[in-house]
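Examining the three-dimensional arrangement
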Amino acid sequence: MEQFTTLTSVAVPLIRDNIDTDAIIPSREMTSVSKTGLADGLFAGWRYTMIGGRDPDPDFVLNQPAYANARILLGGANFGCGSSREHAAWALAEYGIRAIVAPSFNPIFRGNCVRNGILPIAIDPVPLAAAAQPLTIMLKDQVVVDVAGAVWSFEIDEEAKAMLGGGLDGIDLTLLRRDAIEAFRDADRVARPWAYL
Amino acid sequence: MTTVGRTIFEKIWDRHLVADLGGGTGLVLIDRVLLHERTGGVALESLAAAGRAVNAPTQAFATMDHIVDTLPGRTDRTIMPTGTAFITATRQAAKAAGITLFDLGDARQGIVHVISPEQGIVLPGLTLVCPDSHTCSQGALGALAWGIGSTEAEHALATSTLRVMRPKMMRVTVNGQLAHGATPKDLALHLLARFGSAGAKGHIVEYAGEAVRALDVEGRLTLCNMATEFSAFSAIVAPDETVFDYLRGRPFAPAGDAWDCAVVEWRLLASDEDAAFDAELAIDAGDVRPMVTWGTSPQQAVPLMGQVPPGTSEADARALEYMGLHAGARTLGQPIDAAFIGSCTNGRLSDLRRAAAILRGRHVAPHVRAICVPGSTSVRAAAEAEGLHRVFLDAGFEWREAGCSMCFFAGGESFGSQERVITSTNRNFESRQGPGTRSHLASPETVAASAVAGCIADPTVLESL
Ligand code: SF4
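Here's the deal with the sheet that holds strand 10 (residues 203-208) of chain B
Hydrogen bonds along the backbone pair up the strands of a sheet, which may run parallel or antiparallel. All names here are of chain B. On the basis of which strands lie adjacent, the open sheet formed by four strands has the order 11-10-9-12 and parallel pairing. Strands with a single pairing partner mark the edges of an open sheet, and in this sheet they are strand 11 (234-236) and strand 12 (279-284). When the angles between neighbouring strand axes are averaged without regard to direction, this sheet yields 20 degrees. Where strand 9 (residues 168-175) meets strand 12, six bridges bridge the pair, whose relative direction is parallel. Residue Thr173 lies in a different strand from strand 12, and its bridge partner there is Ala282.

As structure tokens, then:
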């Protein structure tokens with residue numbers, strides 16, 4: 001996974017509280033066998049003029065030219081609530097979102113973001129940058145800076161920081177302990193031979 | 001130093017703890033990973049795409065259950081337009097990863113939570129995970145078995161471990177004996193009605209007490225199956241002679257010396273007398289009546305003899321409207337359009353036998369579509385060996401190939417909108433069995449009796465006719 005160091009991008013404002021995972025990716029959009037092919041379904045219920053259609057609704061903020069390449073999303077409180085489907089994080093990541101700034105997150109969604117290379121940043125109230133002005137996020141210093149020089153600092157737990165900063169997913173992180181795991185399995189195989197096939 | 005007793009959960013957790021990761025999270029050794037074609041193929045493909053291998057392929061298994069057709073003479077083709085892709089992708093990925101696949105046409109194929117005990121894949125004291133919420137069923141064998149997400153499945157496959165937030169512990173003691181006519185399914189629904197569908201939120205539930213010990217393995221599987229409807233992390237029952245007798249000689253169970261040494265260890269798994277739980281619930285089994293749900297949450301259940309309760313919340317009102325019922329309506333006598341026997345809750349041989357006992361010499365009501373879907377191909381074969389299929393067919397039931405079938409709507413076959421279905425499955429959510437369907441959860445006996453009566457009916461009354 002791509003390492004997260006410093007990110008500068010316009011931030012697309014989608015300031016609604018309780019945006020749930022079904023709004024992020026409606027279940028009707030989850031027909032694919034794989035984790036990919038979901039970006040088009042991102043916010044499908046809001047993004048297109050018709051259910052199941054693909055005609056962009058010009059009023060929806062993601063469709064506005066100023067935000068065409070936004071990699072930061074500004075959200076409302078309790079972002080990512082609802083079903084624990086990981087497709088929500090997959091769809092956001094595939095679309096290109098690398099950071100979400102919101103007053104608060106659903107904990108499962110937050111974990112899914114971290115595992116998929118998206119930095120969830122809890123700041124209340126969110127820094128509403130002047131329209132279409134970029135924000136800069138520095139993970140190492142745990143700060144968000146806007147073009148006017150205003151600075152917001154944010155909290156992140158060490159493990160999430162290590163994963164995002166190192167471009168590691170959960171498997172990479174665990175595999176750093178591979179030797180310990182294999183030693184544990186070797187001893188366990190002797191103690192519980194019946195558990196091994 | 002005082003010694004503190006441990007629960008069965010703690011014994012299994014301690015034994016599998018590779019590292020304490022802090023914050024209540026442990027790196028836990030995973031003994032078995034099970035996959036099915038709806039979520040397993042995704043996990044395997046994504047793992048391969050990342051260039052990772054399955055660490056212990058001999059301890060991983062895959063089956064075809066969710067999307068495969070259950071119509072006789074089935075092939076890879078499905079009614080769901082994109083279904084075939086899930087089947088072929090899972091087949092190829094399982095083959096490439098070198099894991100055992102119970103494919104279409106394999107005598108061992110079936111619903112993952114039915115075949116795992118059948119094949120002796122789940123064993124007491126093991127950790128077992130599957131990207132499916134009803135994995136909790138398998139705690140019936142004394143294993144720590146729980147449902148996970150797709151990325152976690154990849155993690156378990158690649159590393160033989162999972163990062164797990166340690167759950168709290170709850171004991172649910174069922175004292176006394178189940179009355180005549182009350183089944184394990186009724187017990188599960190009784191618990192949900194009484195304590196609510198958030199009643200065990202985040203806990204590993206140990207089912208204990210005389211009535212639980214008296215259940216056979218299939219009954220325990222039914223009880224543990226609905227722990228996810230109870231919002232539990234999972235459920236577990238202390239393994240005993242009933243479990244050992246069930247497992248002895250199963251294909252993937254240990255044999256010879258390994259079996260003997262396993263049983264010695266399994267006997268030590270029961271929670272210690274002085275073990276402490278974070279929460280305790282107790283009920284009297286004698287209070288359990290045959291149950292049926294009236295709403296769109298499994299907790300919206302009442303005794304068959306009862307009435308739809310006066311709604312107390314907006315959710316109740318919405319459920320009533322969806323179900324086309326009103327408060328005070330009697331559940332008995334509600335006309336049904338369809339009856340479904342099957343699923344990982346109640347699709348095992350004993351379920352089919354008890355339903356067949358009611359159907360023998362009877363016929364389903366003319367307007368009712370009745371379907372029986374054995375939980376596995378070996379359940380189907382065993383039922384046919386006893387002639388049960390004849391009973392179902394003669395009674396006017398369809399007799400299907402094994403799978404999840406219409407337990408849930410995958411995008412293909414379903415019951416009709418606003419059709420009232422009496423079903424032996426575990427979820428009565430809106431549109432669970434197809435867009436707009438109205439599902440009433442009940443035991444296989446109640447489903448069979450209702451199919452015959454053409455309306456929700458009490459099997460104990462039918463029995464005496
Ligand atoms: S039978 Fe139903 S509940 Fe069980 S695994 Fe299949 S779809 Fe899920």
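Brief notes about unusual backbone geometry
Here the bond from A:Asp124 into A:Pro125 is cis, since omega is -5 degrees, no more than 30 degrees from zero. Here B:Gln418, not a glycine, exhibits a phi torsion of approximately 65 degrees, which is positive. Mapped onto the elements of the fold, B:Gln418 is located in the loop between strand 17 (397-399) and strand 18 (420-423). Among the residues examined, B:Gln418 registers a relative accessible area of 52% and is labelled exposed. Here the phi dihedral of B:Ser431 falls at roughly 60 degrees; this positive angle occurs in a residue that is not glycine. Within the secondary structure, B:Ser431 is located in the loop between strand 18 and strand 19 (438-441).

Observations regarding the layout of surface pockets
Residue and element names in this part refer to chain B. A volume near 290 Å³ is recorded for the second largest pocket. Forming the walls of the second largest pocket are 17 residues, and the residues nearest its centre are Glu206, Ala208, Arg213, Ala238 and Ala270. When residues of the lining of the second largest pocket are traced back to their parent elements, those giving at least two are strand 9, strand 10 and helix 7 (210-213). Tallying contributions element by element places strand 10 first for the lining of the second largest pocket, with three residues. Taken together, the residues that form the lining of the second largest pocket break down as seven nonpolar, three polar and seven charged.

Some remarks on the environment of A:Thr5
Residue and element names in this part refer to chain A. Residue placement: Thr5 occurs in the segment before strand 1 (6-14). Taking the C-alpha atoms as reference points, Thr5 and Arg177, separated by 172 residues in sequence, lie 24 Å from one another. Filtering out sequence-adjacent residues up to four positions away, Thr5 remains in contact with Ile137, Met138 and Leu139.

Overview of the pattern of salt bridges
All names here are of chain B. Scanning the model with the defined rule gives 32 salt bridges over all chains in all. The closest approach of N and O atoms between Arg15 and Glu265, which form a salt bridge, is 3.0 Å. Of this pair, Arg15 sits in helix 1 (residues 8-16) while Glu265 is found in helix 10 (residues 256-266), placing the two residues 250 residues apart along the sequence. Residue Arg15 is classed as partly exposed on the basis of its relative accessible area, which comes to 32%. A cluster of three or more residues bridged by salt bridges with shared partners is formed by Arg369, Glu398, Arg400 and Glu413.

Some points on empty space enclosed by the protein
Residue and element names in this part refer to chain B. In total, this model carries five cavities of 30 Å³ or more according to the counting rule given. Estimated volume of the largest cavity: approximately 150 Å³. Residues of the lining of the largest cavity, tallied by class, amount to seven nonpolar, five polar and two charged. Mapping the lining of the largest cavity onto the domain boundaries places at least three of its residues in each of domain 1 (15-164) and domain 2 (294-463). Class assignment for the residues of the lining of the second largest cavity results in seven nonpolar, two polar and two charged.

A look at the interface of chain B and chain A
Accessible area lost when the parts come together is the quantity often used to give the size of an interface. Across the boundary between the two partners, chain B contributes 44 residues, which contact 31 residues of chain A. One can count four salt bridges joining chain B with chain A. The partner of B:Arg52 in a salt bridge is A:Asp172, and the shortest N-O contact between them spans 2.6 Å. Taken together, the connections running from chain B to chain A amount to twelve residue pairs in polar contact (both at pLDDT 80 or more). Taken together, the elements giving at least two residues each to the side of chain B that touches chain A come down to helix 1, strand 1 (17-22), strand 2 (25-29), helix 2 (40-49), helix 3 (83-97), helix 5 (150-159), strand 8 (161-165) and helix 10 of chain B. At six residues, helix 5 of chain B tops the list of elements feeding residues into the side of chain B that touches chain A. Within the side of chain B that touches chain A, the residues separate by chemical class into 23 nonpolar, 13 polar and eight charged.

Points about the side chain of B:Thr437
All names here are of chain B. Within the secondary structure, Thr437 sits in the loop between strand 18 and strand 19. Looking at Thr437, the relative accessible area reads 0%, which means it is buried. Look past the residues within four positions of Thr437 in its chain and what remains in contact with it is Tyr322, Phe415, Gly416, Ser417, Gln418, Glu419, Ser431 and Arg432.

Digging into the site of the ligand
Residues and elements named next belong to chain B. Close contacts around the ligand come from His66, Ile111, His113, Asp132, His134, Ser343, Cys344, Cys404, Cys407, Phe408, Asn426 and Arg432, and that covers them all. Of the residues in the shell around the ligand, the class split is five nonpolar, five polar and two charged. No fewer than three residues from each of domain 1 (15-164) and domain 2 (294-463) sit in the shell around the ligand.

Quick word on the nonpolar core
One finds B:Leu141, B:Tyr207 and B:Trp266 to be the most contacted residues of the largest nonpolar core, which totals 105 residues. Residues in contact with B:Trp266, not counting those within four places in the same chain, are A:Trp194, B:Leu123, B:Pro124, B:Pro239, B:Phe244, B:Leu247, B:Pro254 and B:Trp259. One finds B:Trp294, B:Ile358, B:Val391 and B:Trp399 within the second-largest nonpolar core, a separate group that totals 49 residues.

Describing the domain arrangement of chain A
Residues and elements named next belong to chain A. Looking at the assigned domains, one finds that chain A contains domain 1 (6-166) and domain 2 (168-197). Residue-level contacts link five residues of domain 1 with four residues of domain 2. Of the roughly 390 Å² buried between domain 1 and domain 2 on both sides combined, carbon and sulfur atoms contribute 63%. Together, Arg115, Met163 and Gly166 form the three largest contributors to the area buried by domain 1 at its contact with domain 2, with a combined 78%.

What to know about the packing of helix 6 (residues 184-195) of chain B against helix 8 (residues 217-225) of chain B
A pair of packed helices can be characterised by two numbers: the angle between their axes and the separation between those axes. All names here are of chain B. Running from N to C, helix 6 and helix 8 point in directions that differ by 25 degrees, and their axes come no closer than 8 Å. What the angle tells us is that helix 6 and helix 8 run roughly parallel. In this structure, helix 6 meets helix 8 at a crossing whose hand is right-handed. Side by side, helix 6 and helix 8 meet where Pro184, Lys185, Leu187, Ala188 and Leu191 of the first sit next to Gly219, Thr222 and Leu223 of the second. Of the residues contributing to the contact of helix 6 with helix 8, the split by class is five nonpolar, two polar and one charged.

Let's talk about the domain arrangement of chain B
Residues and elements named next belong to chain B. Partitioning chain B into structural domains gives domain 1 (15-164) and domain 2 (294-463). Using only C-alpha atoms to locate each centre, domain 1 and domain 2 end up separated by 28 Å. With 23 residues of domain 1 at the contact, the number on the domain 2 side is 23 residues. Roughly 1900 Å² of surface becomes buried between domain 1 and domain 2 when both sides are summed, with 58% attributable to carbon and sulfur atoms. Interface area lost by domain 1 to domain 2 is led by Thr70, Ile111 and His134, which between them contribute 30%. The tally of links between domain 1 and domain 2 comes to zero salt bridges. Scanning the region where domain 1 abuts domain 2 turns up 13 residue pairs in polar contact (both at pLDDT 80 or more).

Criteria and thresholds
- Residues numbered from 1 in each chain as written.
- Chains lettered and ligands numbered in written order.
- Predicted model: local features only at pLDDT ≥ 70, side-chain atom pairs only at ≥ 80, totals over all residues.
- Heavy atoms only, no water.
- Pairing = 2+ DSSP bridges.
- Helix = DSSP H or I, 4+ residues; strand = E, 2+ residues; numbered from the N terminus.
- Axes fitted to C-alpha atoms, helices over the stretch in contact; angles between N-to-C directions.
- Buried < 20%, exposed > 50% of the residue type's maximum accessible area, 1.4 Å probe, protein only.
- 1 Å grid on protein atoms, 1.4 Å probe; cavity = no way out; pocket = protein on both sides within 12 Å on 5 of 7 lines; lining within 4 Å.
- Points joined across faces, edges and corners; volume = space filled by probe spheres on them.
- Nonpolar A, V, L, I, M, F, W, Y, C, P; charged D, E, K, R; others polar.
- Contact = heavy atoms within 4.5 Å.
- Salt bridge = Lys/Arg side-chain N within 4 Å of Asp/Glu carboxyl O.
- Domains from an automatic or database assignment.
- Polar contact = N/O pair within 3.5 Å; in protein donor to acceptor, adjacent residues only side chain to side chain.
- Near = heavy atom within 4 Å.
- Core = buried A, V, L, I, M, F, W, Y, C linked by side-chain atoms within 4.5 Å.
- Buried area = accessible area lost by both parts, 1.4 Å probe.
- Parallel < 35°, antiparallel > 145°, perpendicular 65-115°, else oblique.
- Left-handed = near helix turned anticlockwise from the far one by under 90°.

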